[in-house]
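Close look at the chain arrangement
The chain contents come next:
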Protein chains: 2
Amino acid sequence: MKDRIFRVNLTDMTTSVEDVPESWAGHGGRGLTSTIVAAEVDPTCHPLGPKNKLVFAPGLLSGTVAANSGRLSVGGKSPLTGTIKEANGGGTAAQLMARCGVKALILEGQPADDKWFSLAVTPEGVTIEEETELVGKGNFAVLETLSTRLENNPAIITIGPAGEMKMAAANISIKDPDGGIRSNGRGGLGAVMGSKRVKFISVTPGDAKLEIADPEAFKAANRTFAKALVDHPVSQALGQYGTNVLVNIINESGGLPTKNFTQGQFEGHEKISGETMHDTIKERGGRVKHNCHPGCVIQCSQVYHDADGKKLTSGFEYESIWAMGADCCVDNLDHIAMADKLMDDIGIDSIETSVAFGVAMEAGILEFGDGEGVCRMLKEDVATGTGLGRVIGNGAGSVGRTYGVTRVPVVKNQAIPAYDPRAIKGIGITYATSTQGADHTMGYTIATNILNVGGAVDPLTKEGQVELSRNLQIATAAIDSTGMCLFIAFAALDNEECLPALIDLLNARFGISLTADDVVNLGKYILKTEREFNEKAGFTNLDDRLPEFFYNEPLSPHNVVFDFSGEEIDTFWDF
Amino acid sequence: MKDRIFRVNLTDMTTSVEDVPESWAGHGGRGLTSTIVAAEVDPTCHPLGPKNKLVFAPGLLSGTVAANSGRLSVGGKSPLTGTIKEANGGGTAAQLMARCGVKALILEGQPADDKWFSLAVTPEGVTIEEETELVGKGNFAVLETLSTRLENNPAIITIGPAGEMKMAAANISIKDPDGGIRSNGRGGLGAVMGSKRVKFISVTPGDAKLEIADPEAFKAANRTFAKALVDHPVSQALGQYGTNVLVNIINESGGLPTKNFTQGQFEGHEKISGETMHDTIKERGGRVKHNCHPGCVIQCSQVYHDADGKKLTSGFEYESIWAMGADCCVDNLDHIAMADKLMDDIGIDSIETSVAFGVAMEAGILEFGDGEGVCRMLKEDVATGTGLGRVIGNGAGSVGRTYGVTRVPVVKNQAIPAYDPRAIKGIGITYATSTQGADHTMGYTIATNILNVGGAVDPLTKEGQVELSRNLQIATAAIDSTGMCLFIAFAALDNEECLPALIDLLNARFGISLTADDVVNLGKYILKTEREFNEKAGFTNLDDRLPEFFYNEPLSPHNVVFDFSGEEIDTFWDF
């Protein structure tokens with residue numbers, strides 16, 4: 001099946017299937033969403049207005065049997081940051097969309113009236129239907145209803161109440177293989193989907209299959225590639241403890257932001273650690289390992305049960321646990337899991353929202369540590385859209401502005417995640433320079449700063465951090481184009497067979513002959529395309545800065561500040 | 001008495017009185033606040049953090065008997081716009097401060113703990129005292145308590161609950177000669193005062209008097225100047241109907257923004273017009289004319305009574321009446337007056353807050369026209385700081401962002417006031433290019449577009465608007481430095497004796513020999529100084545734009561859009 005561009009215009013309710021422009025042919029995932037957004041979206045437009053577009057793109061390898069290739073990129077202009085945005089997540093949608101021959105699905109325009117719609121994607125194209133039953137419903141109710149309403153187990157891409165209410169922290173949520181939820185979380189693209197009044201999208205490929213140019217070479221490369229992944233010790237730790245293995249590691253480093261970024265270590269870290277989580281899951285009969293999409297060989301996800309042995313949440317990530325845990329001083333893993341489940345159901349970013357609660361606690365709205373209060377407020381305020389609920393649902397910056405708080409950990413209005421840039425300086429460069437606001441996944445220097453993957457760069461000194469972040473951001477942009485999970489990076493950095501095998505996979509899939517240089521150039525092209533969009537939207541190098549308090553308030557236990565000058569940060573872009 | 005710089009550091013609780021640096025000597029009012037802010041405030045600092053400063057400066061002629069010279073400028077980095085900001089207002093503070101020999105009063109730093117303070121300014125300097133009794137109190141209670149607590153009828157500069165809660169629409173409020181309130185309203189400088197934990201400032205000059213270099217020449221110039229003011233027909237209309245004379249005029253022009261900027265005329269305009277207000281005041285025994293500071297010969301202020309003949313509000317301005325009236329579709333002048341009084345008491349900008357209510361009505365929080373609902377919400381939400389109350393108290397942009405509304409009339413996050421830029425195009429250029437966010441007073445093209453003062457420029461065509469706005473913005477910046485009320489501009493534009501008399505006043509006051517060219521150059525210097533600050537804060541020409549809907553949604557009855565290209569707008573700065 002030939003890949004094509006599927007387009008839906010919500011203003012006039014038309015759909016089309018178009019040939020792929022030649023200049024887009026080599027792109028997938030983030031590279032394609034950013035290319036399309038840069039080409040078709042006015043950078044100065046209102047993110048929730050009719051001129052913004054929402055672009056879905058499977059990665060270049062999505063839909064194949066290549067290990068860990070099931071990430072779906074979603075792009076647009078972010079209502080949270082005002083920048084270009086790509087959020088990628090797992091679940092089954094990327095693979096099924098790729099099998100439908102969808103190179104990209106573009107939603108554009110906006111309905112004039114206040115009806116809601118659903119979209120059905122098949123290899124033949126897209127159909128639009130009015131939706132009434134599921135409007136206002138949480139994500140779990142959507143998935144449950146659709147599991148009986150729709151045949152052939154389609155992928156489901158949906159928004160919860162947060163997206164319907166156009167909250168700037170709203171996720172686009174995607175069904176995982178077991179009916180759980182994965183989130184394209186950062187940057188509020190769920191609000192863009194809500195602004196286009198699309199409640200959900202189903203994806204049903206039927207018997208359609210991808211063509212592989214050289215199936216034998218593909219299989220061989222995948223064997224090498226998958227072996228590199230499973231052999232790496234970080235992959236193994238992720239499979240055993242989930243990403244939450246990091247709580248104790250980052251706490252030990254003194255870079256675990258605690259109590260709204262006022263300390264670098266959390267007294268309750270043991271209680272919320274990956275080790276405790278692992279033991280709790282085993283005790284209660286949950287699942288220690290779980291994959292968010294078919295073909296994942298790392299299986300960092302898990303299913304966490306409550307004390308009665310019933311499923312409470314799945315895909316229980318380090319950054320979410322850190323945010324509701326250390327940053328809000330909640331040391332009860334069950335409260336954190338309940339909050340995680342509620343945020344999945346509301347369809348709202350568990351990093352942004354939890355950091356927003358940390359700022360709200362500093363503002364005195366709740367006591368630090370009050371996990372039950374957070375759950376109550378998620379149900380009574382955020383899910384229902386009270387004034388306060390919307391303030392929180394619009395993220396940490398929103399809470400800070402609304403309550404006059406000055407210690408607000410955001411860059412380009414997006415919440416800083418689970419690694420303090422004062423004690424882990426490389427990640428501070430990533431937060432500052434990322435084209436998409438603070439985001440650890442844009443250039444995960446923790447690998448080298450803390451885990452000694454791909455070498456070692458001392459997290460507490462400035463030396464080498466800009467270069468480290470630059471190299472990782474370039475590589476990440478390329479990886480995000482393949483549909484690969486970012487966790488392939490650990491093997492790619494340490495195992496010299498891994499990256500060549502990935503390139504072999506791409507070459508065998510398309511019958512081309514990419515080199516490692518081509519991959520690096522792809523990464524550079526993506527970053528520069530994104531930055532150019534942001535410049536046209538009004539961003540300057542002055543937006544590539546951390547909030548004032550990181551420069552002024554030393555972080556315990558190392559008593560360090562973030563001490564890069566603006567000029568030093570700006571050298572990031574010297575490539 | 002020699003003018004000096006009075007400085008208060010709230011971090012270490014020290015005060016000082018300093019000689020005026022030579023480069024500041026020729027400045028007063030806005031020219032001085034902007035010069036000091038540009039010199040001493042890091043443009044990238046958090047507006048509510050310790051690095052921002054709050055600068056008070058009487059105008060160059062304040063404290064003299066020159067007619068209409070009692071405006072006090074307050075400057076800082078705005079928490080609403082992020083730009084440099086000067087807000088000026090009437091009341092008795094400018095004159096008494098000037099008599100204390102205060103060239104400027106600079107508040108800097110921030111207390112470490114959560115105590116509140118008051119400042120007492122005398123010719124000897126400033127003293128700091130802890131304040132407890134008035135914390136949390138509304139402005140009227142503050143004025144009443146201080147009228148008995150303090151001797152010698154000092155000027156009072158205070159913040160209400162909005163400033164204490166650091167709402168981005170918070171005023172700095174100043175006592176008028178009759179114990180009413182005048183507001184330095186735009187841009188939320190009350191929140192900066194709150195961030196420094198200063199509840200109020202008293203100003204007591206005792207017997208101190210200003211020196212006039214050439215008293216006879218000063219008197220002669222003032223006679224000419226005052227005569228020019230009182231002779232102008234617009235001055236006379238302002239004295240009779242207040243600024244609210246404009247409701248019917250702007251409605252007739254089709255540029256009265258109605259129902260959150262969806263129409264250019266308001267069906268209920270007669271009920272809220274200056275003519276109706278005038279008759280109502282007379283019927284109920286209020287005061288049709290009233291001056292906001294001693295020496296005003298125009299007297300556009302008034303005292304508006306309720307149906308029982310008791311004072312309801314004073315200083316009841318067109319822009320406030322438009323905002324709560326036409327923009328929120330409230331056609332009951334008593335409801336508008338009650339809202340005005342409540343906003344004065346809370347200490348919050350009646351333009352920003354009312355436009356915020358218009359956006360809130362579009363979001364469905366209240367019905368359009370529900371003036372009683374607005375008053376209830378002001379009391380129960382804004383004054384007490386509920387989540388919703390803070391969303392509103394942070395202005396129109398805040399409501400728009402929080403509720404995902406795309407029709408949000410703001411520039412640089414400041415609410416667009418009472419003149420629609422689609423039907424009155426000159427004012428659109430002012431809104432777009434002003435260094436301080438949308439603000440009609442920065443370059444009041446209504447004079448020439450609508451009132452035919454200073455010539456006539458057709459409001460509906462593009463021709464001549466950029467030049468008109470440029471000339472007026474330059475002149476306004478200079479006028480804002482003199483302490484003169486902006487309403488001298490009508491006479492200055494039409495009466496050829498007026499501007500020379502103003503220059504004679506300056507020359508006689510200081511024993512200098514300014515020319516008209518010097519005044520124009522002063523205005524240019526101020527605009528460029530302010531713009532340079534904004535550029536260093538990260539603003540670009542892309543911030544000099546109106547919201548998308550002004551370009552896309554034609555305004556009835558003329559069915560016009562705002563049709564200036566970015567390049568055309570940018571020519572404003574060609575000087």
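Going by the structure above, here's the rest.
A brief report on the enclosed structure follows. (Residues numbered from 1 in each chain as written. Chains lettered and ligands numbered in written order. Predicted model: local features only at pLDDT ≥ 70, side-chain atom pairs only at ≥ 80, totals over all residues. Heavy atoms only, no water.)

1. Concerning the packing of aromatic side chains
All names here are of chain A.
- Inspection of every chain in the model, using the stated rule, returns 26 aromatic pairs over all chains.
- When the centroid spacing of 5.9 Å and the interplanar angle of 40° are considered together, the rings of Phe 487 and Phe 490 count as tilted.
- Taking relative accessible area as the criterion, Phe 490 reaches 5% and is therefore assigned buried.
- Taken together, the ring pairs connect Tyr 318, Tyr 419, Tyr 444, Phe 487 and Phe 490 into an aromatic cluster. (Phe/Tyr/Trp six-rings, centres within 6.5 Å; stacked < 30°, edge-to-face > 60°. Buried < 20%, exposed > 50% of the residue type's maximum accessible area, 1.4 Å probe, protein only.)

2. Some points on the environment of Phe 117 of chain B
Residues and elements named next belong to chain B.
- If you trace the backbone, Phe 117 turns up in strand β7 (residues 116-122).
- Each C-alpha atom, one on Phe 117 and one on Ala 57, is 21 Å from the other, the two residues being 60 residues apart in sequence.
- What Phe 117 contacts, discounting residues up to four positions off in sequence, is Met 13, Pro 111, Ile 128, Glu 129, Glu 130, Glu 131, Arg 197, Val 198, Lys 199 and Phe 200. (Helix = DSSP H or I, 4+ residues; strand = E, 2+ residues; numbered from the N terminus. Contact = heavy atoms within 4.5 Å.)

3. Re the relation of the copies chain B and chain A
- Under the fitted operation, chain B is carried onto chain A by 0.0 Å of movement along the axis and a turn of 180°, and the coordinates agree to an RMSD of 0.0 Å. Taken together, the rotation angle and the small translation identify this as a two-fold axis. The position closest to the rotation axis in chain B is occupied by the C-alpha of Gly 387 of chain B, lying 2.6 Å away.
- Comparing contact sets, 100% of the residues at the interface of chain B also lie at the interface in chain A, consistent with an isologous, same-surface contact. (Least-squares fit on C-alpha atoms with pLDDT ≥ 70 in both.)

4. Here's the deal with the state of the cysteines
All names here are of chain B.
- In this structure the tally under the stated criterion is 0 disulfides over all chains.
- We note that Cys 296 lacks a disulfide partner, and the nearest cysteine sulfur, in Cys 292, lies 6.1 Å from it.
- Taking relative accessible area as the criterion, Cys 296 reaches 14% and is therefore assigned buried.
- Take Cys 300: it sits in no disulfide, and the sulfur closest to it among the cysteines is that of Cys 485, at 6.2 Å. (Disulfide = S-S within 2.5 Å.)

5. Topic: the environment of Ala 57 of chain A
Residue and element names in this part refer to chain A.
- Along the chain, the position of Ala 57 falls in strand β3 (residues 54-58).
- On the basis of relative accessibility, which here comes to 0%, the residue Ala 57 falls in the buried class.
- A sequence separation of 23 residues divides Ala 57 from Ser 34, and the C-alpha atoms of the two residues are 10.0 Å apart.
- If we ignore the near neighbours within four places in the chain, the residues touching Ala 57 are Gly 29, Leu 32, Thr 33, Leu 72, Ser 73, Lys 103 and Ala 104.

6. Notes on the pattern of salt bridges
- Across all of its chains, the model carries 62 salt bridges over all chains by this definition.
- Lys 462 of chain A serves as the salt-bridge partner of Glu 568 of chain A, at 2.9 Å between the closest nitrogen and oxygen. Taken together, the residues Glu 568 of chain A in helix α23 (residues 566-570) and Lys 462 of chain A in the loop between α17 (446-449) and α18 (465-482) connect sequence positions 106 residues apart.
- For Glu 568 of chain A, a relative accessible area of 30% translates into the label partly exposed.
- On the accessibility criterion, Lys 462 of chain A (30% relative accessible area) is partly exposed.
- In this structure, the salt-bridge partner of Glu 532 of chain B is Lys 536 of chain B, at a minimum N-O distance of 3.5 Å. One end of the pair is Glu 532 of chain B and the other is Lys 536 of chain B, both in helix α21 (residues 516-536) and 4 residues apart, which spans about a single turn.
- Given a relative accessible area of 46%, Lys 536 of chain B falls into the partly exposed group.
- Linked by salt bridges that have partners in common, Arg 7, Glu 18, Glu 40, Lys 53 and Glu 108 of chain A make up one network. (Salt bridge = Lys/Arg side-chain N within 4 Å of Asp/Glu carboxyl O.)

7. Looking at the interface of chain B and chain A
- Taken together, the contacts link 29 residues of chain B with 29 residues of chain A.
- Contact between chain B and chain A buries roughly 2100 Å² in total, counting both sides, with carbon and sulfur atoms accounting for 54%.
- Area buried by chain B at its contact with chain A is led by Thr 402, Tyr 403 and Glu 548 of chain B, which between them contribute 24% of it.
- Our enumeration of links across chain B and chain A arrives at 0 salt bridges. (Buried area = accessible area lost by both parts, 1.4 Å probe.)

Interpretation note: all reported values are geometric properties and have no functional meaning in isolation.
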